[in-house]
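Structural description and commentary
Here is what each chain is made of, one letter per residue.
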Amino acid sequence: MQIKKAVIPAAGLGTRFLPITKSVPKELLPILDRPMLQYVVEEAAEAGVEEVIIVTARGKESIAAYFHPRPELEQRLSETGATELLDSIRHVSSMAEVSFVIQEQPLGLGHAVLTAREAVGDEPFVVILPDDIIDHQPGVISQMLEVSAQYEGGVIAVEQVPWEVIHNYGVVDAEDRGNRTHFVKGLVEKPAREDSPSNLSIVGRYILPPEIFDCLEQTPPGTKGEIQLTDGIQLLLEERDVFAYEFRGTRHDGGTPMGLLRASLEYGLTREDTRDAVSALITGLSTKMAGS
Ligand code: G1P
């Protein structure tokens, strides 16, 4: 199935990153030299997505600025022969067509997705949460498109997590269908460990049919008093099949300072231009730790 549009919710306050998020949106915090947001836009573009709809909030205008061309900077870099840097900034504005919708009130992830209804229209689309950064080739959206081509219906990325942390996630109740794929029978947002139907946690990648919008219109506030995407998908089950897919790749939690630091180190170790320096840095630090 060809999916042309992606919705990226980026309207949150980023409280776990205060005070930096007083003035810098969480989604623009970097892993090495690129903002988290760029990794997920690249993942969408690699999967053939042509249009990215970013749901943002007032005060986060620098997100739009990041995707605008900067002709005077390009000219300067071109004059000084900094071609690699020039390519890197041109790449940002050419990855996909990027548009923005504003979520006026922080009413939850489901509400943020609903805000993009008009921009998406009547076609299936993907939702990508930008603080779930997943390192793999092919990317998770590409992997999920293969699943949706095999089974007609929505697809949600999941991974098994230790039961002690299950209360931090949406969770699926699902029946194993082999090939890393499960048929979803129910979903619950942030259950207590004893109430959780499984330890298959939802990770921020979804392929959804447009019927989800009517479901979200009918979804009452749930966990934290917010309209949850998980609850909207539960309603969708009444009319559509939904599958959970255990993706290949390592998920980094870009939603916390430690997760982001770890992501920077791991990406640094895989990137050719930084591998040796990051490896020396880690070795140096562990020697220092062992000596203290
Ligand atoms: C959101 C979703 C949750 C999912 C998680 C993955 O929660 O509501 O179902 O498991 O993302 O990162 P949040 O982390 O925004 O609280």
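Residues numbered from 1 in each chain as written. Predicted model: local features only at pLDDT ≥ 70, side-chain atom pairs only at ≥ 80, totals over all residues. Heavy atoms only, no water.

A short note on the nonpolar core
Grouped together as the largest cluster of nonpolar side chains are 43 residues, with contacts concentrated most on I8, I31, L37, I54, F67, V126 and I128. Sorting elements by how many residues they give to this core places helix α1 (residues 36-46) first, with six residues. Not counting the four nearest positions on each side in its chain, I128 is found in contact with A6, V7, I8, P9, V40, A44, I141, G204 and R205. Counting residues in hydrophobic clusters, the runner-up holds 31 residues, among them V55, V101, C215 and L229. (Core = buried A, V, L, I, M, F, W, Y, C linked by side-chain atoms within 4.5 Å. Buried < 20%, exposed > 50% of the residue type's maximum accessible area, 1.4 Å probe, protein only. Helix = DSSP H or I, 4+ residues; strand = E, 2+ residues; numbered from the N terminus. Contact = heavy atoms within 4.5 Å.)

Some remarks on the site of the ligand
All residues adjacent to the ligand are L109, L129, D132, Y169, G170, E189, K190, I202, Q228, T230 and R251. Between K190 and the ligand, the recorded distance is 2.6 Å, taken from a side-chain N or O atom to an oxygen atom. The protein chains hide 80% of the 380 Å² of surface that the ligand would expose on its own. When its residues are assigned to classes, the shell around the ligand shows four nonpolar, three polar and four charged. (Near = heavy atom within 4 Å. Polar contact = N/O pair within 3.5 Å; in protein donor to acceptor, adjacent residues only side chain to side chain. Areas by Shrake-Rupley, 256 points an atom, 1.4 Å probe, with all protein chains shown as cover. Nonpolar A, V, L, I, M, F, W, Y, C, P; charged D, E, K, R; others polar.)

Quick look at helix α10 (residues 257-270)
When the terminal C-alpha atoms of α10 are compared, their 20 Å separation across 14 residues agrees well with the 20 Å that a helix rising 1.5 Å per residue should span. Here α10 has its buried residues at G259, L260, A263, S264, Y267 and G268. Buried residues in α10 make contact with β2 (30-31), α1, β7 (132-135), β13 (250-253) and α11 (275-291). (Expected span 1.5 Å × (residues − 1).)

Section: the pairing of strand β12 (residues 242-246)
Of all the five residues making up β12, five are buried; the element is thus mostly covered by neighbouring parts of the structure. A two-sided burial pattern is seen for β12, the buried positions comprising V242, A244 and E246 on one face and F243 and Y245 on the other. In this structure, strand β8 (residues 154-160) lies alongside β12, joined through five bridges in parallel fashion. Within β12, the residue paired with V158 across the bridge is E246. (Pairing = 2+ DSSP bridges.)

A short note on the pattern of salt bridges
Scanning the model with the defined rule gives 19 salt bridges in all. For R271, the salt bridge is made with D33, and the minimal N-O distance between the two is 3.0 Å. Remark: D33 occurs in the loop between β2 and β3 (34-35) and R271 occurs in the loop between α10 and α11; sequence separation between them is 238 residues. Judged by its relative accessible area of 18%, R271 falls in the buried class. Overall, the relative accessible area of 53% leaves D33 in the exposed class. Residues E217 and R117 are paired through a salt bridge, measuring 3.1 Å at the closest nitrogen-oxygen approach. With a gap of 100 residues between them, E217 in helix α8 (residues 212-217) and R117 in helix α6 (residues 117-120) connect regions that are remote in the sequence. Exposure remark for E217: the relative accessible area of 51% places this residue in the exposed category. Looking at R117, the relative accessible area reads 29%, which means it is partly exposed. Counted as one network, the salt bridges with shared partners bring together D33, R34, E42, R271 and D273. (Salt bridge = Lys/Arg side-chain N within 4 Å of Asp/Glu carboxyl O.)

Remarks on unusual backbone geometry
Following L18, the chain continues to P19 via a peptide bond in cis, the omega torsion being 10°. Counting through the fold element by element, P19 comes out in the loop between β1 (5-9) and β2. Backbone torsion omega between Q137 and P138 reads -5°, so that peptide bond is classified as cis. Looking at where P138 falls in the secondary structure, it is placed in the loop between β7 and α7 (140-150). Positive phi is not limited to glycine here, since K190 has a value of about 45°. Locating K190 in the fold gives a position in the loop between β10 (181-189) and β11 (200-208). Exposure remark for K190: the relative accessible area of 32% places this residue in the partly exposed category.

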